[in-house]
Amino acid sequence: MSTQNHRYTGRFAPSPTGPLHFGSLITAVASYCDAKAQQGTWIVRIEDTDIPRIYPDSEQHILQCLDAFEFESDVKIIFQKDRLDLYEAVLAQLKQKDLIYACQCTRKILGSNHIYAGTCRGLHLPFEQHAIRVKVSNQNICFEDRLQGSHCSNLENQLGDFVLKRRDGIINYQLAVVVDDYLQGVTHVVRGADLLDNTARQIWLGSLLNYPTLQYMHLPLAMNAEGQKLSKQNLARALDLQNAPQLLQHAILALGQHPVDLDQPHKMLAQAIAQWDIKRIPQGTEMNGIYL
Ligand code: GLU
């Protein structure tokens, strides 16, 4: 099926840094239902550029989850680690326009200061063996999130020039995500509110490359009993593939949607799509009372 004629292309883009958990399922369900309710295309992309952080077998677990929950990607699943040449080509494009530079500052030099002062901007260091940073400017970057409302940030005052490629050669998530959203024709991003803060960086990078702007929807995060967001770092429990229909039902309810009947997952998803209403998604950046 061609993606060219669709107005809506959405995606689910997990990083294989641990097994998928209930929070990942919520993102998958919301991105899928939102795309399908608008007759859109839905794509799965595995974001595995950060090789040292890849957790053994988690790519396989992601694929097994997609199978068990009967999600189908409309195009062949891509793996970012197979696309490093594409990201390098974009870096070359940015270099030609003098929008990036090499940086020799180590974490030790930077210390706890989270705003990068642009120390290496004028040094013209060779690109090899150094981190690569993109220049930001002193301006407000604003966007209207479909759930979280209006958001503005000033990258120069809040962050400084940020890294696109690490010194160890790893392509940063910010670059890979922007390039692939563009190359895959993504129009709508639906993901957890933990990524809200990354959005301004991605919009900035997209604008430097003249990529079209995207629509964003950041979902409230599922929390554990200790009040922390479910995450791989907090060792959230892996999705139990034996219980896919029950978990799916729970995820749909957590998203505030009308209940669906327990059935085969693809039938439950079809019902959720027919009933999909983003006005019912809980407000804010955290969900209450989700202890999975
Ligand atoms: N790969 C990111 C993650 O698993 C999500 C990227 C995105 O949706 O933009 O947290």
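See the structure above.
Here's a quick rundown of the structure. This is a predicted model, so every value here is computed, not measured.

1. Here we look at the environment of Asn-288
Alright, step 1. The residue Asn-288 is located in the segment after helix H9 (265-275) in this model.
Alright, step 2. Separated by 140 residues in the primary sequence, Asn-288 and Gln-148 have C-alpha atoms spaced 16 Å apart.

2. Description of the pattern of salt bridges
Alright, step 1. Per the stated rule, a full pass over the model turns up 16 salt bridges.
Alright, step 2. Among the salt bridges present, the one from Lys-36 reaches Asp-74, with a minimum N-O distance of 2.6 Å. Of this pair, Lys-36 sits in helix H1 (residues 22-37) while Asp-74 sits in the loop between helix H2 (58-68) and strand E3 (78-79), placing them 38 residues apart in sequence.
Alright, step 3. Overall, the relative accessible area of 22% leaves Asp-74 in the partly exposed class.

3. Overview of the sheet that holds strand E1 (residues 9-12)
Adjacent strands of a sheet pair through backbone hydrogen bonds, lying either parallel or antiparallel.
Alright, step 1. Taken together, the three strands give an open sheet; going across it, the order is E1-E2-E3, and neighbouring strands pair in parallel fashion. With one partner strand each, in any of the chains shown, E1 and E3 form the two edges of the open sheet.
Alright, step 2. For E1 and strand E2 (residues 41-46), the ladder comprises four bridges, and the chain directions are parallel. If you follow Phe-12 over to E2, its bridge partner there is Val-44.
Alright, step 3. Against the sheet, H2 engages E1, E2 and E3, with an angle of about 160° to E2.
Alright, step 4. Strands E1, E2 and E3 of the sheet are contacted by helix H6 (residues 173-183), whose axis makes an angle of about 150° with E2.

4. Side note on the sheet that holds strand E4 (residues 100-103)
Alright, step 1. On the basis of which strands lie adjacent, the open sheet formed by three strands has the order E4-E5-E8 and antiparallel pairing. The outermost strands of the open sheet, each flanked by one partner alone, are E4 and strand E8 (162-165). Taking the axes of each pair of neighbouring strands and ignoring which way they run, one obtains an average angle of 45° across the sheet.
Alright, step 2. Pairing between strand E5 (residues 131-134) and E8: three bridges, direction antiparallel. Within the sheet, the bridge partner assigned to Arg-133 lies in E8 and is Val-163.
Alright, step 3. Packed onto the sheet, helix H3 (residues 84-96) meets E4, E5 and E8 and runs at close to 130° relative to E8.

5. So, the site of the ligand
Alright, step 1. Around the ligand, a shell composed of Arg-11, Ala-13, Pro-14, Ser-15, Glu-47, Tyr-173, Val-177, Arg-191 and Leu-195 is seen.
Alright, step 2. Residue Ala-13 places a main-chain N or O atom 2.7 Å away from a nitrogen atom belonging to the ligand.
Alright, step 3. Side-chain polar atom of Glu-47 to a nitrogen atom of the ligand: 2.6 Å apart, as the coordinates give it.
Alright, step 4. Here the ligand, which alone exposes 300 Å², has 81% of that area covered by the protein.
Alright, step 5. Here the shell around the ligand is composed, by residue class, of five nonpolar, one polar and three charged.

Cut-offs used in this document
- Residues numbered from 1 in each chain as written.
- Predicted model: local features only at pLDDT ≥ 70, side-chain atom pairs only at ≥ 80, totals over all residues.
- Heavy atoms only, no water.
- Helix = DSSP H or I, 4+ residues; strand = E, 2+ residues; numbered from the N terminus.
- Salt bridge = Lys/Arg side-chain N within 4 Å of Asp/Glu carboxyl O.
- Buried < 20%, exposed > 50% of the residue type's maximum accessible area, 1.4 Å probe, protein only.
- Pairing = 2+ DSSP bridges.
- Contact = heavy atoms within 4.5 Å.
- Axes fitted to C-alpha atoms, helices over the stretch in contact; angles between N-to-C directions.
- Near = heavy atom within 4 Å.
- Polar contact = N/O pair within 3.5 Å; in protein donor to acceptor, adjacent residues only side chain to side chain.
- Areas by Shrake-Rupley, 256 points an atom, 1.4 Å probe, with all protein chains shown as cover.
- Nonpolar A, V, L, I, M, F, W, Y, C, P; charged D, E, K, R; others polar.

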